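Close look at the chain arrangement
The chain contents come next:
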Amino acid sequence: MDSTDHKKFLIGNYASPALEIIRGEGARLWDSQEKEFLDFTSGIAVTNIGHCHPHWTEKISKQAEMIVHCSNLFSIPEQVRLAQRLVSEIGAGKMLFCNSGAEANEGLIKFARLASETPDFQGKNKILAAENAFHGRTMGALSATASPKYRKGFEPLLDGFEFAPLNDLEAWDRKLDDQTIAVLIESIQGEGGIHEAKDDFLQGLEKLCREKNALLMIDEVQSGIGRTGDFLAFQQSGISPDAVALAKGLGGGFPIGAFWISEQWTGVFKPGSHGTTFGGSPLACAAAHAVLDVIENEGLIAAAREKGHVLGTGLSRLVQSFPEILEGVRGRGLMLALALKEDPSEVIGSMRENGLLVVAAAGNVIRFLPPLNVDDDAIEKALKITEDALVSFQTKHKE
Ligand SMILES: *Cc1c(COP(=O)(O)O)cnc(C)c1O
């Protein structure tokens, strides 16, 4: 395979990839030239326990010998047990499984629409979401995503969505009116460039939702599953949402999404009101169980905090050293970002040349999303490669 074949047979919805990846282990990847890379993308916050963790691989292999797929017309014990484990992490409520982040948010949007038919909400139908957020690529999730760069070419989208700026509670207060059924928000914006919803903003938003009888729905697709040093990022603020969307890290690389609905509202879904062929298959659930096992057994939520502190401190040091290029460090746990004053693609390119993979985000941002079990040596090496890339960028452009 070469890049010509990639172009010839794949629809060009991604820019031509720089690497062909063959194999992964822990925080490392190898390309088709057997060149080794440190993976600080984790497949965009997906492989939170690293690539091919032995426990995860074993669980998947064993499950593949038992049963891989079974319709949701039948009860799937792995799925029931997974729901039980997730409910014990999130709070009293119930789960519905699907296959991706967009689909999980799609589920929340359908939840809000269904709820609007109940006497509690009497036909309210507006959903309020944050500017600069990202909720996925399906038409529903896209309707909740304000940024023109994602929406362009796909309008008209769904009716009934409005947007307000993150962390500006007064703006949300003005927009949240008697027609608003729900609020949908990421606790930390990922694609938007690692912007945290502040704790007091989330608390204020919860209060507004209660006062104005609207549902509070949180998108934890990127920030969830231990990434920020809590099981879910919103948990630090102490709020109690009505619904939560999960995906990315949940299966450790095997596709699975899910949404949680608080106990009070689980009756909104009735037999026939939603469904999925693949969602919550025995194999997907086995993968998610393995992820939760490893997070528990290896203390990876605490590790995300500790390693996040090490990496964050190192990145802050770089901000001190390169004030002309760097703006600052943002994020929590191992969901961190280095904000540049200009387009980061050249810096990201030279980091890649020197064996470190990172991912860009909106607003000239480089995201650092290593696996939660990344070791200190890998962090030191990543910081050194980042520093070298900044030195060569500086030499080239600033002197
Ligand atoms: C990635 C992402 C999605 C979409 O997930 P897909 O699995 O790509 O559909 C939704 N919300 C957030 C916050 C994300 O980061």
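Scope of this entry: the structure provided in the associated data block. Along each chain, residue indices are assigned from 1 in the same order as the chain's sequence is written. Owing to the predicted nature of the model, reporting of local features is limited to residues with pLDDT of at least 70; listing and counting of side-chain atom pairs is limited to 80 or more, with chain, interface and lining totals taken over all residues. Hydrogens and water molecules were not included; the side-chain quantities draw on all heavy atoms of the structure.

What to know about the packing of helix α12 (residues 345–353) against helix α13 (residues 376–397)
Closest axis-to-axis distance for the α12/α13 pair is 9 Å, and the angle between their directions is 130°. Considered as vectors, α12 and α13 are oriented oblique to each other. When you trace α12 past α13, the crossing you get is right-handed. Across the interface between the two elements, Glu346, Val347, Ser350 and Met351 of α12 pack against Ile385, Thr386, Ala389, Leu390, Ser392, Phe393, Lys396 and His397 of α13. Residue composition of the contact of α12 with α13, grouped by class: 6 nonpolar, 4 polar and 2 charged. Angles here are taken between N-to-C directions and fall from 0 to 180 degrees, while the axes themselves are lines fitted to C-alpha atoms, restricted in helices to the stretch in contact. Put simply, DSSP marks the helices as runs of H or I at least four residues long and the strands as runs of E at least two long, and each gets a number from the N terminus on. Convention used here: angles under 35 degrees read as roughly parallel, angles over 145 as roughly antiparallel, angles from 65 to 115 as roughly perpendicular, and any remaining angle as oblique. Crossing handedness follows the turn of the near helix against the far one: under a right angle anticlockwise gives a left-handed crossing, and clockwise gives a right-handed one. In this description, contact between two residues means that some pair of their heavy atoms is separated by no more than 4.5 Å. Amino acids are sorted into nonpolar (Ala, Val, Leu, Ile, Met, Phe, Trp, Tyr, Cys and Pro), charged (Asp, Glu, Lys and Arg) and polar (every other residue, Gly among them).

Notes on the packing of aromatic side chains
Pairing of aromatic rings covers Phe, Tyr and Trp, the last through its six-membered ring, and needs centres within 6.5 Å; plane angles under 30 degrees mean stacked, over 60 mean edge-to-face, and all others mean tilted. Following the criterion strictly, the structure yields 5 aromatic pairs and no others. Judged by centre distance (5.2 Å) and plane angle (50°), the ring pair of Phe121 and Trp265 falls under tilted. Placement of Phe121 in the loop between α5 (101–115) and β5 (126–130) and of Trp265 in the loop between β12 (257–262) and α10 (282–297) is noted, with a sequence separation of 144 residues between them. We classify Phe121 as buried; its relative accessible area is 2%. For the exposure calls, accessible area comes from a 1.4 Å probe over protein chains only, and a residue counts as buried if that area is under 20% of its type's maximum, exposed if over 50%, partly exposed in between.

Topic: the pattern of salt bridges
For this analysis, a salt bridge means a side-chain nitrogen from Lys or Arg found within 4 Å of a carboxyl oxygen belonging to Asp or Glu. This structure, assessed with the given rule, holds 19 salt bridges. Glu58 is the partner of Lys62 in a salt bridge, and the nearest nitrogen-oxygen pair spans 2.7 Å. Taken as a pair, Lys62 and Glu58 lie in helix α3 (residues 54–66) at a separation of 4 residues, close to a single helical turn. Lys62 gets classed as exposed once you look at its relative accessible area, which sits at 52%. Salt bridges sharing common partners tie together Lys59, Arg85, Asp293 and Glu296.

Some thoughts on the sheet that holds strand β17 (residues 365–368)
Strand order in the open sheet made by the 4 strands is β13-β14-β17-β16, with antiparallel pairing throughout. One side of each edge strand has no neighbouring strand; the edge strands of this open sheet are β13 (326–332) and β16 (359–361). For this sheet, the mean angle separating the axes of adjacent strands, direction not counted, is 30°. Should DSSP find at least two bridges between two strands, the strands are regarded as paired. In this structure, strand β14 (residues 335–340) lies alongside β17, joined through 4 bridges in antiparallel fashion. Its bridge partner being in β17, Leu338 is matched across the sheet by Ile366.

Structural notes on the nonpolar core
When a protein is soluble and globular, its nonpolar side chains tend to lie buried together. With 84 residues, the main nonpolar core has Phe40, Leu86, Met95, Trp172, Ile185 and Phe368 as its most contacted residues. It is α10 that contributes the most residues to this core, 10 residues altogether. Apart from residues lying up to four places away in sequence, Phe368 is in contact with Phe40, Leu311, Leu315, Leu334, Met335, Leu336, Leu338, Met351, Val358 and Thr386. Working definition of a nonpolar core: buried Ala, Val, Leu, Ile, Met, Phe, Trp, Tyr and Cys residues. They are joined through side-chain atoms within 4.5 Å. If you look at the next biggest cluster of nonpolar residues, it comprises 28 residues, including Ala112, Leu184, Leu215 and Val268.

Observations regarding the site of the ligand
In the vicinity of the ligand, the residues found are Ser100, Gly101, Ala102, Asn105, Phe134, His135, Gly136, Glu186, Asp219, Val221, Gln222 and Lys248. One of the side-chain nitrogen or oxygen atoms of Asp219 is found 2.8 Å away from a nitrogen atom of the ligand. Note on areas: Shrake-Rupley, 1.4 Å probe, and residue coverage restricted to the protein chains presented here. The protein chains hide 82% of the 380 Å² of surface that the ligand would expose on its own. In terms of residue count, α5 provides more of the shell around the ligand than any other element does, 3 residues in total. Throughout, near means a residue has at least one heavy atom within 4 Å of the molecule or strand. Counting of polar contacts relies on pairs of N or O atoms within 3.5 Å, with two restrictions inside protein: one atom must be capable of donating a hydrogen and the other of accepting it, and residues adjacent in sequence are counted only when both atoms are side-chain atoms.

Details of helix α4 (residues 77–90)
Helix length check: α4 (14 residues) gives 20 Å between terminal C-alpha atoms against 20 Å at 1.5 Å per residue, within 8%. Elements in contact with the buried residues of α4: α3, β4 (93–98), β11 (243–246), β12 and α10. One or two positions beyond α4, positive phi appears at Gly91, with a value near 145°. Multiply 1.5 Å by the residue count of a helix minus one, and that product is the helix's expected span.

A closer look at the pairing of strand β3 (residues 36–39)
Sheet topology note: the strand β2 (residues 28–31)/β3 ladder contains 3 bridges and is antiparallel. Looking at the pairing, Arg28 lines up with Leu38 of β3. Hairpin remark: β2 followed by β3, antiparallel, with 4 residues in the connecting loop; positive phi at Glu34, about 65°. Note: β3 against strand β15 (residues 356–357), 2 bridges, orientation parallel. Pairing of Leu38 across the sheet is with Leu356, part of β15.

Focus on the sheet that holds β4
The strand order across the open sheet formed by 7 strands is β4-β12-β11-β10-β7-β5-β6, and the pairing between neighbours is mixed. Edge positions in the open sheet fall to β4 and β6 (161–164), since each of these has one partner strand only. Within the sheet, the average angular offset between the axes of one strand and its neighbour, ignoring direction, is 20°. Looking at chain direction, β5 and β6 are connected through 4 bridges and run parallel. Within the sheet, the bridge partner assigned to Ile127 lies in β6 and is Phe161. α4 contacts β4, β11 and β12 of the sheet and is inclined by roughly 125° relative to β4.

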